[in-house]
Amino acid sequence: MSAGAETTAETAAEPRIVVHEGMAAVEAALGDELATLVGDERAAQWRLPRGGYAPTLWVDVVDGAPRAAALTTGRPATAATTLVDPWWADEGALQRLVASITDDARARGTVALKWRGETVPPVLDGFMPLRAPFGAVGTEDVRGAVRWLSAIPHAEPGYYAQTTLFTCGAVAALMGAGVRGVGGFAADGADRDRELDYWRRATNFPACEPIGLGVATAEHLGAGAVEIALDTAGPVLLEEYEGFDRSFRAELQAESVRRAEELGVRLDRRRVDVAEIARRVAGGELALLLIDEEPMHAVHGPHWVLAHASDGCDVVVIEDPWVNRESGETWVDVHELPIRLADLDRLVRWSDEDYRGVVFVGE
């Protein structure tokens with residue numbers, strides 16, 4: 001469907017599913033009648049500026065009147081679609097609506113169909129509740145569920161959202177530590193202290209570069225569990241620095257290399273292929289991935305995510321510590337987030353040098 005288009009999913013007159021694609025079409029469709037039916041709070045959520053995340057409003061219409069409606073969104077370069085706070089007047093209309101959304105999601109290659117709302121009706125087969133997050137920067141009260149449209153058997157990790165602009169590496173590593181059962185988040189009031197303490201140990205001010213993050217992870221979990229892959233020999237994530245600002249950070253990175261050697265952490269200077277990442281994660285390893293956010297958010301920026309599950313050949317499932325609340329995201333959108341390898345290959349690289357940083361964590 002083209003941006004801003006309105007189509008019908010059935011040719012029969014009644015009932016019918018009407019689809020409004022793009023923010024302009026969503027705004028137009030949320031006229032007085034529909035906004036009144038769904039309520040001011042839900043309508044306000046649907047009107048948030050989600051233009052980069054494929055906003056689409058689906059409405060089940062019976063005898064000319066809306067009977068169910070849902071906004072769907074999904075980040076580019078991912079294989080997930082979220083139903084945002086669906087509304088329904090009867091369960092039959094809801095079932096028709098979700099069936100149409102599911103069919104469309106399958107056709108687009110969606111792997112995980114998510115539901116975000118106060119509750120998931122029992123009539124919706126296949127949706128399993130997501131565990132509540134440890135912390136989610138203001139979206140903790142949101143509840144979610146997921147229906148996997150492609151089977152990727154795995155245990156669901158605990159989720160925590162970074163509370164600063166610069167602690168993504170520490171948060172990704174601590175979520176991985178939680179998977180390993182060693183010193184992760186605990187929802188006990190001390191999680192932010194854990195986040196900041198880990199960042200202090202791993203940081204290159206303010207970012208965490210791959211070797212420094214790998215060393216902190218080795219110190220946290222044991223050196224034998226960690227392998228660092230970085231396909232460049234010089235200091236990294238220093239593209240914007242000059243003079244002293246660059247030199248002292250480069251010196252700290254050299255110290256991280258020395259510490260890795262001292263601990264016996266393997267440092268691999270070859271470029272790791274995304275197919276290898278998928279195979280190793282499917283085999284039980286975790287992978288901390290340095291990504292460029294541009295394919296997801298249309299703005300360049302270095303960022304760390306945790307890969308914790310994979311089918312071994314086409315899809316890797318990540319935890320992204322960043323929640324873009326300004327565009328309506330909650331922890332449901334970025335938890336258990338599947339990415340196909342073609343998109344992963346675009347994401348896991350940084351700078352004009354196009355280097356790739358990965359920290360593998362064994363079992």
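Rules of the game
Residues numbered from 1 in each chain as written. Predicted model: local features only at pLDDT ≥ 70, side-chain atom pairs only at ≥ 80, totals over all residues. Heavy atoms only, no water. Axes fitted to C-alpha atoms, helices over the stretch in contact; angles between N-to-C directions. Helix = DSSP H or I, 4+ residues; strand = E, 2+ residues; numbered from the N terminus. Parallel < 35°, antiparallel > 145°, perpendicular 65-115°, else oblique. Left-handed = near helix turned anticlockwise from the far one by under 90°. Contact = heavy atoms within 4.5 Å. Nonpolar A, V, L, I, M, F, W, Y, C, P; charged D, E, K, R; others polar. 1 Å grid on protein atoms, 1.4 Å probe; cavity = no way out; pocket = protein on both sides within 12 Å on 5 of 7 lines; lining within 4 Å. Points joined across faces, edges and corners; volume = space filled by probe spheres on them. Buried < 20%, exposed > 50% of the residue type's maximum accessible area, 1.4 Å probe, protein only. Patch = residues over 30% accessible without salt bridge, like charges linked within 9 Å, V, L, I, M, F, W, Y side chains within 5 Å. Areas by Shrake-Rupley, 256 points an atom, 1.4 Å probe, with all protein chains shown as cover. Salt bridge = Lys/Arg side-chain N within 4 Å of Asp/Glu carboxyl O. Lys, Arg positive; Asp, Glu negative; His and termini not counted. Charge placed at Lys NZ, Arg CZ, Asp CG, Glu CD.

Chemist: Tell me what's going on with the packing of helix α5 (residues 168-180) against helix α6 (residues 191-202), and back it up with residues and numbers.
Modeler: Direction vectors running N to C along α5 and α6 enclose 115 degrees, while the axes themselves pass 8 Å from each other. In terms of axis orientation, α5 runs roughly perpendicular to α6. Here α5 runs over α6; the crossing is right-handed. Judged by residue contacts, Ala170, Val171, Ala173 and Leu174 of α5 engage Arg194, Glu195, Tyr198 and Trp199 from α6. Per-class residue counts for the contact of α5 with α6 are six nonpolar, no polar and two charged.

Chemist: Go over empty space enclosed by the protein, please, and point to the residues and values.
Modeler: Throughout the structure, instances matching the rule amount to two cavities of 30 Å³ or more. In this model, the largest cavity occupies a volume close to 90 Å³. Taken together, 14 residues form the lining of the largest cavity, with Thr73, Gly74, Arg75, Glu329 and Asp333 sitting closest to its centre. No other element matches strand β5 (residues 80-88), which puts three residues into the lining of the largest cavity.

Chemist: Explain the environment of Met175 to me, and be specific about the residues and the numbers.
Modeler: Assignment of secondary structure puts Met175 in helix α5. Of the residues examined, Met175 reaches a relative accessible area of 3% and is grouped as buried. A C-alpha to C-alpha distance of 9.1 Å links Met175 and Pro321, two positions 146 residues apart in sequence. Dropping the residues within four chain positions of it, Met175 is found in contact with Gly158, Tyr159, Tyr160, Phe185, Leu306, Glu319 and Pro321.

Chemist: Which residues make up a negative patch on the surface, and what are the values?
Modeler: Where like charges cluster on the molecular surface, the negative patch consists of Glu239, Glu240, Asp352 and Glu353. For Glu353, the location among the structural elements is in the loop between α12 (341-347) and β15 (357-361).

Chemist: Describe the layout of surface pockets, naming the residues involved and giving the relevant values.
Modeler: Counted as a void, the largest pocket has a volume near 820 Å³. For the largest pocket, the lining is made up of 36 residues, of which His300, Gly301, Pro302, His303 and Trp350 are closest to its centre. Mapped by element, the contributors of at least two residues to the lining of the largest pocket are β11 (286-292), α10 (294-297) and β12 (302-310). A breakdown of the residues in the lining of the largest pocket according to their chemical character gives 18 nonpolar, eight polar and 10 charged. Counted as a void, the second largest pocket has a volume near 580 Å³. Lining the second largest pocket are 21 residues, and of these Glu41, Gln45, Asp85, Arg116 and Val142 sit closest to its centre. Residue assignment for the lining of the second largest pocket shows that the elements contributing at least two residues are α3 (40-46), β5 and β6 (112-117). Residue composition of the lining of the second largest pocket, by class: five nonpolar, seven polar and nine charged.

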